[in-house]
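Residue-level structure breakdown
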Amino acid sequence: MIKIEKRNDVPMALYFFTPFIAIILTILGGGIIFYILGFNPIEALKFYFITPISNLYGFSELLLKATPLCLIAIGLSFCFKSNNWNIGAEGQLTFGAIVGGGVALLFYNQEGFYILPLVILAGAIGGMIFALIPAILKTYFNTNEILVSLMLVYVSKLILDYLVVGPWSNPEGFNFPETRQFSDSSRMPLLFEGLRIHAGIFLALAAVMLSWFILYKTYLGFQIKVSGLSLKTAKYAGFKGKTMILVVFMISGACAGLAGVGEITGPIGQLHRMISPDYGFTAIIVAFLGRLNPFGIIFASLVVALTYLGAETAQIFLQIPKYTGQVFQGMILFFLLASDYLLFFKVKILSLKKNELRH
Amino acid sequence: MSLDISFIGILIGSIMASSVPLILAASGELITERSGVLNLGVEGMMIIGAISGFALMVITDNLFIAIVGSMLSGVIISLIFGFLTQSLLTNHVATGLALTIFGIGLSAMLGKNFVGIPGKEFPILFSSLRESIPFFGPILFGHSIVLYFAFALPFLTNYFLKKTKLGLIVRAVGDSPVSASNQGINVILVRYCCILYGGAMCGLAGAYLSLIYTPQWIENMTAGRGWIALALVVFATWSPIKVLIGALIFGGITILQLHMQAIGFRIPVQFLSALPYLMTIIVLVVISRDSRKIKLNTPTSLGRIFYKEK
């Protein structure tokens, strides 16, 4: 006999433990899929999760990919904590990159210490403006922010496409869909010779610290958390709901914009069509896996970044498409959501008394 | 380029063909959403349908098995979503998103050995009439059976929702799951069925792409059509007939931009491509600012988790 009871309150230890269960189940699931496809599962998983980070270069690549994921997820945590479903971070990233990239292109033949800060600022503002569209429509017209933010992802990608093919395309670029290279003053400084890891990682770390401070030490953070738990309570307490929606979207958009600008001024160095391998969507998984907690998100961004790297390594060594990274990313979220069931419900197996599921 | 009458006929025919996957996927998703479930996994289910259909065609050399198999694969993959959201009470948005990400990845993995294999010609109906009648010929005849089914589907869906008892139950579950449950309706079961039906239609939409529209397997070949289908359901304010009209408009834009590119039209093609998304946002704003209108059109419990204390 299995008996299911609703829990009265969620045990905190279990709340932070289930993501690990999800990761383990994902690795097992991945092994099974590799086995079905005719690969040696142990070997395939080794290529996926160990080979990529077995040297210094790989470790730098891991941090390079974790940086945008962490930044975006930190921003999203503000939205998700307050029950605002911004799923258009990919669009905010793209628009941030467009605005930041536009500024970088203005200075393409100039040098100066002030250029990079300007480019970064422009990127953050770009992302913020783009995130304000679903926020304003939600607050003043009652529209569904999920659909609006999602639609805007495609609009932003088409704007980028138009710019790099048309007015911003490199005049000496033989009609390739890309802009000029940015000047060195618009590039993120590299941290180590020969590695691609750049100063953008400090932006991500600063975002982590700042978000921890805002969420846990300020009145705004308190408002965000209360609104997420119960809208009625928030209204009763007299919180200004509309302002809060605008603020969380602006924070979220700014973070995504920073991630975009970090990519184009970091590893890419120009604007072209493919500036992000869907970091904006994957960061949603990162935010959930990190339990919307700033330090949890650091950990989660490293795990998910590894699925990107692993997919690239597996493509080289096993000749499987690099889209397989998405199989792992999807599975992580599936298993995480499924294991949440244990948080809200107690599963008791009555005939076997010792088997009370309580880790 | 001359705009004679037969050219316009062919143009309309090609617009109809390009709108088929949108009609199928959006009609399926419409039923799912009418039952109160928001499944953002349309793109993932379509791409799984596309690779399953194509793979089965290559393996069995039988188009019927391929079509049915693609629908079945859509059902199977949507079962993951159904189990998570209905039995384990997970958040619809996050689960649907995971389904899309997972589906795109899995399809590429499964389709690895099918890249570059040429497709098979899909039989078309009334091909002789297509040539013999000017203008109307290319519009009405010479299409695959899936196209005729797709164009009948919105009317069938409309009839189902408005005139049948089952349709009434689906709407009741979507609008007020608590009262439906009090009336003795098994809300979870109804929602499961609607999710699986949506999966079947998305699978078929994917198979249309890989077997009929562009008969081959290309990674990520649905290319965002699933998201347009999702937008289309909102654009149509959850009305099946408006889904048909919307799909023709959205399909028309796709075809027109190809032709405008060829003529060298001055409006950037990217602007035309962005139109469906911008139009959807505008429609959303128009229907949402009036709370009465949104109540009339939107399934009230859309995306909310239903849990019945046992």
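Residues numbered from 1 in each chain as written. Chains lettered and ligands numbered in written order. Predicted model: local features only at pLDDT ≥ 70, side-chain atom pairs only at ≥ 80, totals over all residues.

Looking at the overall build of chain A
Within chain A one finds 14 helices and two strands. In terms of C-alpha radius of gyration, chain A reaches 22 Å, essentially the compact-globule figure of 21 Å for 359 residues. Considered along the principal axes of its C-alpha atoms, chain A spans approximately 75 × 60 × 35 Å. By the burial criterion, 53% of the 359 residues in chain A qualify as buried. For chain A, contacts bridging at least 24 residues in sequence account for 77% of all contacts bridging at least 6. (Helix = DSSP H or I, 4+ residues; strand = E, 2+ residues; numbered from the N terminus. Rg over C-alpha atoms; globule rule 2.2 N^0.38 Å. Buried ≥ 20, exposed ≤ 12 C-beta atoms within 10 Å, placed from the backbone. Contact = placed C-beta atoms within 7 Å.)

So, the environment of Ser211(A)
Residues and elements named next belong to chain A. Position of Ser-211 among the secondary structure elements: in helix H7 (residues 200–217). Of the residues examined, Ser-211 has 22 C-beta atoms within 10 Å and is grouped as buried. Spatially, the C-alpha atoms of Ser-211 and Asn-293 are 9.1 Å apart, while their sequence positions differ by 82 residues. When neighbours within four sequence positions are excluded, Ser-211 is seen to be in contact with Ile-74, Ser-77 and Pro-294.

Overview of the packing of helix H1 (residues 5–34) of chain B against helix H10 (residues 187–213) of chain B
Residue and element names in this part refer to chain B. Contact pair H1 / H10: the axes reach a minimum separation of 7 Å and the direction vectors enclose 170°. If you check the angle between H1 and H10, you find them roughly antiparallel. From H1, Ala-17, Val-20, Pro-21, Leu-24, Ala-25, Ser-27, Gly-28, Glu-29, Ile-31 and Thr-32 reach across to H10, where they touch Cys-194, Ile-195, Tyr-197, Gly-198, Ala-200, Met-201, Cys-202, Leu-204, Ala-205, Tyr-208, Leu-209 and Tyr-213. (Axes fitted to C-alpha atoms, helices over the stretch in contact; angles between N-to-C directions. Parallel < 35°, antiparallel > 145°, perpendicular 65-115°, else oblique.)

Notes on helix H11 (residues 225–235) of chain B
Residues and elements named next belong to chain B. In terms of burial, H11 is a largely internal element, 11 of the 11 residues being buried. Burial in H11 covers these residues: Arg-225, Gly-226, Trp-227, Ile-228, Ala-229, Leu-230, Ala-231, Leu-232, Val-233, Val-234 and Phe-235. Where H11 ends, the next residue or the one after it, Thr-237, has phi of about 45°, a positive value.

Some thoughts on H1(B)
Over its 30 residues, H1(B) extends 41 Å from the first C-alpha to the last, a length consistent with the 44 Å expected when each residue adds 1.5 Å. The largest bend along H1(B) reaches roughly 40° and is located at Ser19(B), with the proline Pro21(B) sitting one to four residues downstream. (Expected span 1.5 Å × (residues − 1). Bend = angle between axes of the 7 residues up to and from the residue.)

Some remarks on the interface of chain B and chain A
Listed by partner, the interface residues are 37 residues for chain B and 38 residues for chain A. The set of elements that each furnish at least two residues to the side of chain B that touches chain A consists of helix H3 (63–87), helix H4 (92–110), H11 and helix H13 (269–289) of chain B. By residue number, the principal contributor to the side of chain B that touches chain A is H4(B), which donates 12 residues. Among the residues forming the side of chain B that touches chain A, the class breakdown is 24 nonpolar, 10 polar and three charged. (Nonpolar A, V, L, I, M, F, W, Y, C, P; charged D, E, K, R; others polar.)

Comments concerning the nonpolar core
In terms of nonpolar packing, the biggest core is built from 204 residues, with Ile72(A), Ala73(A) and Leu232(B) touching the most fellow members. Here the element with the most residues in this core is H10(B); it accounts for 16 residues. (Core = buried A, V, L, I, M, F, W, Y, C linked by C-beta atoms within 7 Å.)

So, the confidence of the model for chain A
All names here are of chain A. Confidence in the prediction of chain A, expressed as mean pLDDT, is 89, and 96% of residues score 70 or more. Ranking the elements of chain A by mean pLDDT puts strand E2 (residues 345–349) last, at 71, and helix H4 (residues 89–106) first, at 97. Below a pLDDT of 50 lies the segment residues 353–359, which in the model reaches six contacts outside its immediate sequence neighbourhood of four places, other chains included. (pLDDT = per-residue confidence, 0-100.)

Quick notes on unusual backbone geometry
Backbone geometry places Asn142(A), a non-glycine residue, at a positive phi of 65°. The exposure class of Asn142(A) is partly exposed, given the 15 C-beta atoms found within 10 Å.

Regarding the environment of Gly126(A)
Residues and elements named next belong to chain A. Position of Gly-126 relative to the elements: it lies in helix H5 (residues 115–141). The exposure class assigned to Gly-126 is buried, which follows from the 30 C-beta atoms found within 10 Å. Sequence-wise, Gly-126 and Cys-255 are 129 residues apart; in three dimensions their C-alpha atoms are separated by 10 Å. Sequence-distant contacts of Gly-126, that is, excluding residues within four places in its chain, are made with Phe-95, Gly-96, Ile-98, Val-99, Gly-100 and Gly-257.

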